Amino acid sequence: MTLHFHLRFATRYGQKLWVMGNHPSLGNMDPQAAVPLQYLNDQFWSAEISLPSSTKPVLLRYQYLLQEADGRIIEEWGTDRELPLLPENHLLQTIDTWSHAGEFEQTFQSGPFRNILLPQRPIAEEKKQGQESLTCFRVKAPLLPAGYSLRLIGSGQALGHWKETDARPMHWRGTWWQADLDLSSEPAPIRYKYGVWDDQKNTWVRYEEGADRILPAPLFDASNATYVHDGFVRLPNNTWRGAGLSIPVFSIRTEKSFGVGEFADLPLLADWTKALGLHLIQILPVNDTTAFHNWKDSYPYAGISAFALHPIYLSLAAIAGEEHADILAAWEPQRLELNQNPVVDYEAVMLAKWTILRELYARMGKSCLASSGYKSYWKDQQHWLKPYCVFSYLRDQYQTADFSEWPEHNQYEAEAVKTLLKAGTKSAKAIAFYGFVQYQLHLQLKQAVQYLHRQGIILKGDIPIGVNRHGCDAWVAPGLYHMNWQAGAPPDDFTAIGQNWGFPTYNWKRMQADGFTWWRQRFQQMDLYFDAFRIDHILGFFRIWSIPTHAVEGLLGRFVPAIPVRPHDFTQRGIPFHADRYTKPYITDTYLQQLFGSEAATVRDFFLEPATVGTYALRPAFATQRQIERYFQQHDQWSPGTREKLYALVANVILLEEEGMEPGYHFRISMDKTYSYTCLPPEIQQVLYDLYIDYFYKRQDDFWFREAMHKLPTLKSATNMLVCGEDLGMVPHCVPDVMQQLGILSLEIQRMPKDPKRRFSHPQDAPYLSVVTPSTHDMSTLRAWWEEDAHRTRDFYQQELNQWGEPPQFCEAWVNRAILEQHLQSPAMWCIFQVQDLLGCSEKLRRQLPQDERINDPANPNQYWQYRMHLPLEQLVEEATFNGAFRETVEASGRLSSQLP
């Protein structure tokens, strides 16, 4: 059998195309063994492949690859092209269209749309081909409403001579609309189009947009079996818009709660979501963060495992049932007391839950572990579940998650883990407790998600950018991480000293070496429960703000990877390069007086020593921020703020040195605001500033683009969830382009415009592939923000809300509602509101103090994450007036309307 592949693709100089498939002659889907295509003309590339004949039908799946001039390989999106290779076929040809990941329609091929949000169609029965000369037309139309179908029309008798009543019906095959025609009597070229047919009225509705499609001669030979894959029908592709709400699971309040939200509360949240006319629930990470067994574990982004779920979200009543209800009865007074708390008492809740879980395990653990369901779960998840259970056991045995301090097993060894898990041993029984807990979490979350889906609601999760350096992932595979770096963020609107999250950064080279196995497994685990996910700090896939472990503040970080500046960059611009002057703190008496005032001499004599004439250096014992931090942990005789001012001395540098064979340097962020910089001559300041701007905003952009494109396409192709990115902060110019190319939704926040020339962005200007929201968990809610800055609020009131005069002092319900309506009218695909902002639309339902609505303050490294809804969901579900009014607002905005494209 001979296959002729023809791909429509207009290449640029240096690009090449390849094809791979699930057959040895096509490399068995291995990009390294793909078959090269040959340039045919400005529109087509082609390849001819001979396959050994077969006596049985074979279903061939294939996919095209693009090789860029720099060697980078891009796989087209999707693997749903199929060719039935029948024994009677001797020659088969394809005419294909490249499947671009960034096309809007690709979003609607993702799991949440295909399985939940878009109407499901019965798949038409596949008819036997019967003729070698049939031409099979295939095209996709994911937004076609129920009650409509596609038809094929064109030149020639087989296509109805452009007569709409004679247009050929197409049938739904699960992914493609398909029509099989005999064109053997039709002369090429053949011109055609797809159109929409009203099945109920049995009438033609409209043609697709754009010019006629053409099967050109001599490329198209109608005497051979031909498959035409035309990609997407050309109809408006930005008509679908949805809305949802966001809230951390721990913040949910119900009358049955144990002082914290649980997975079992999600169905009731879904009932309220549906009553509001919304179709998405977004939550924060739900991974296990148990490292300290205290309130510090409330930080949901510091998971000790990228796979394990947090025990705090277990419904104990659902585990106990009626058979073991007596265990819970003894705890009922404490449950009621915890559930009355305005915030989550993390330590009290976890102490109670751990105690009860061990009692339940003592009674029902043996039968649970022997069940077929548990055995299947253990088998499927053992790649992470075994080490996680052992890690949890050792953490509790040694009373620390810092495995470097464990007297034994401080380095992961598979054989040692196997010994600890050996059946019948005391350790195996103790370790199995953590497996029991994870299995119950798995069951409860799966059950909740199934309920959401029945209500037509999807669940959006959150993937943290980092892992806990004292967690299971780092214990098992420390080589996947740079343990000598700390991830964070440069200074921004949240904090002037930057953020230090403490996570080790990823060793991308190691991860890429095995095809990103850890990431693929992580996405597969997410896919068990979630329909969509938010990539926390997606900028980290371009470059990550990396802080050396000797630093405390984010100010001393730099982007990794990045192209450094070198001494010749300075000399070429006409200024000398002095490494010590630029890389070491520049400390003078004047600066000490500015920082410490009357204590300047005391601080100088204790912490500093003379350096060059008129300057000082920090003594070796206080040369880094970590050394200063450790000193102040043991000494408290200094005035408040002294430690932070000493941190400022350490950070008073212009360049950060990069270790290596050739001297390389990176500008300290906000270099132009340092005392060291202001002491330089004006002419040197200007040259340094120009080089600083070049370093951060020009020279890195293409480099960071390539970095992201080495990672994100592979990772996105590993899942069929809807992918959204949190692209806030110091955003490189290449980020929007990469996200658009890959079809990753951006995040748009009105008070954080991405255009530096604007004070506010307007929801109406948001791109289609985006999520708009007035606030996130990392910022104040609408009502609190309204009260923070009167001048800013007045500008917003007049410019964005188009109101006259002075704004109200407080964000009244009508103002809150007007802002949400603005967002609902946005062209963005998704509009998501925090629950606090939703309730702000009602004077009756809103919380009394808006300052109590905030979930997290990024400027506080010791944030206690304990926000709870002030009203139970049972009450909100019954608020028919509010729910109905908001639902009408959503419907009036056109979101989720079934309009004909």
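Given the structure is predicted, the values throughout are model-derived calculations rather than measurements.

Q: What am I meant to see in the packing of aromatic side chains here?
A: Geometry of an aromatic ring pair is reported as the spacing of the ring centres plus the angle between the planes. This model, assessed by the stated rule, comprises 80 aromatic pairs. Plain terms: the ring middles of Phe-403 and Trp-406 are 6.3 Å apart, the flat faces sit at 70° to each other, and that makes the pair edge-to-face. Trp-406 carries the same exposure label as Phe-403, and that label is buried. An aromatic cluster of at least three residues, connected via ring pairs, comprises Phe-307, Trp-384, Tyr-388, Tyr-481, Tyr-506, Trp-508, Phe-516, Trp-518, Trp-519, Phe-523, Phe-533 and Phe-541.

Q: What should I look at first to understand the nonpolar core in this one?
A: Trp-519 and Phe-667 are the most contacted members of the largest nonpolar core, which has 232 residues in total. Dropping the residues within four chain positions of it, Trp-519 is found in contact with Ile-463, Tyr-506, Trp-508, Met-511, Phe-541 and Leu-715. Listed in part, the 28 residues of the second largest apolar core include Tyr-148, Leu-159, Trp-172 and Ile-190.

Q: I'm lost on helix 6 (residues 332-339) in this one. Help?
A: Given 3.6 residues per helical turn, the α-helix brings residues three or four places apart onto the same face. Residues of helix 6 that are buried include every one of Arg-335, Leu-338 and Asn-339, and no others. Angularly, the buried residues of helix 6 cover 95° about the axis, an arc narrow enough to put them on a single face. Turned more than 90 degrees away from the buried face of helix 6 sit Pro-333 and Glu-337, all of them exposed. If you follow the buried residues of helix 6, they end up packed against helix 7 (346-370).

Q: In this structure, what is going on with the sheet that holds strand 20 (residues 280-282)? I would like to understand it.
A: Paired through their backbone hydrogen bonds, the strands of a sheet run either parallel or antiparallel. Pairing is parallel across the open sheet formed by eight strands, whose spatial order is 33-26-21-20-19-36-35-34. Every other strand in the sheet has two partners, leaving strand 33 (722-725) and strand 34 (746-749) as the edge strands with one partner each. Strand-to-strand twist of the sheet, defined as the mean angle between neighbouring strand axes without regard to direction, takes the value 25°. One ladder, built from four bridges, connects strand 26 (residues 532-535) with strand 33; its direction is parallel.

Q: In this structure, what is going on with the pairing of strand 9 (residues 91-97)? I would like to understand it.
A: In summary, the side chains of a regular strand alternate between the two faces of the sheet. Of all seven residues making up strand 9, five are buried, and the element is well covered by its neighbours. Pairing analysis gives seven bridges linking strand 1 (residues 2-8) to strand 9, with the strands arranged parallel. Among the inter-strand pairings, Phe-5 is bridged to a residue of strand 9, identified as Thr-94.

Q: For this particular structure, what's the right way to read the environment of Thr-674?
A: Structurally, Thr-674 is set in the loop between strand 32 (664-667) and helix 20 (675-678). In the structure, Thr-674 is positioned 88 residues away from Tyr-586 in sequence and 9.4 Å away in space, judged by C-alpha atoms. In this view, Thr-674 contacts Ala-651, Asn-652, Val-653, Ile-654 and Arg-668; residues no more than four positions away in its chain are not counted.

Q: So what exactly am I meant to see when it comes to the pattern of salt bridges here?
A: One side chain can pair with another of opposite charge once the charged atoms of both are near each other. The tally for this structure, following the rule as stated, stands at 42 salt bridges. In this structure, the salt-bridge partner of Asp-96 is Arg-81, at a minimum N-O distance of 3.8 Å. Of this pair, Asp-96 sits in strand 9 while Arg-81 is found in the loop between strand 7 (73-75) and strand 8 (82-85), placing the two residues 15 residues apart along the sequence. A salt bridge links Asp-580 to Lys-584, with the shortest nitrogen-to-oxygen separation between them at 3.7 Å. Look at the salt bridges and you will find they share partners, linking Arg-8, Glu-208, Arg-213, Asp-230 and Arg-234 into a network.

Q: Quick question: what am I supposed to make of the sheet that holds strand 28 (residues 558-560) here?
A: Ordered in space as 24-23-27-28, the four strands form an open sheet in which the pairing is antiparallel. Edge positions in the sheet fall to strand 24 (499-500) and strand 28, since each of these pairs with one other strand and no more. Pairing of strand 23 (residues 485-489) with strand 24 involves two bridges; the strand directions are antiparallel. If you follow Gly-488 over to strand 24, its bridge partner there is Asn-500.

Rules behind the numbers
- Residues numbered from 1 in each chain as written.
- Predicted model: local features only at pLDDT ≥ 70, side-chain atom pairs only at ≥ 80, totals over all residues.
- Heavy atoms only, no water.
- Phe/Tyr/Trp six-rings, centres within 6.5 Å; stacked < 30°, edge-to-face > 60°.
- Buried < 20%, exposed > 50% of the residue type's maximum accessible area, 1.4 Å probe, protein only.
- Core = buried A, V, L, I, M, F, W, Y, C linked by side-chain atoms within 4.5 Å.
- Contact = heavy atoms within 4.5 Å.
- Helix = DSSP H or I, 4+ residues; strand = E, 2+ residues; numbered from the N terminus.
- Arc of directions from axis to C-beta.
- Pairing = 2+ DSSP bridges.
- Axes fitted to C-alpha atoms, helices over the stretch in contact; angles between N-to-C directions.
- Salt bridge = Lys/Arg side-chain N within 4 Å of Asp/Glu carboxyl O.

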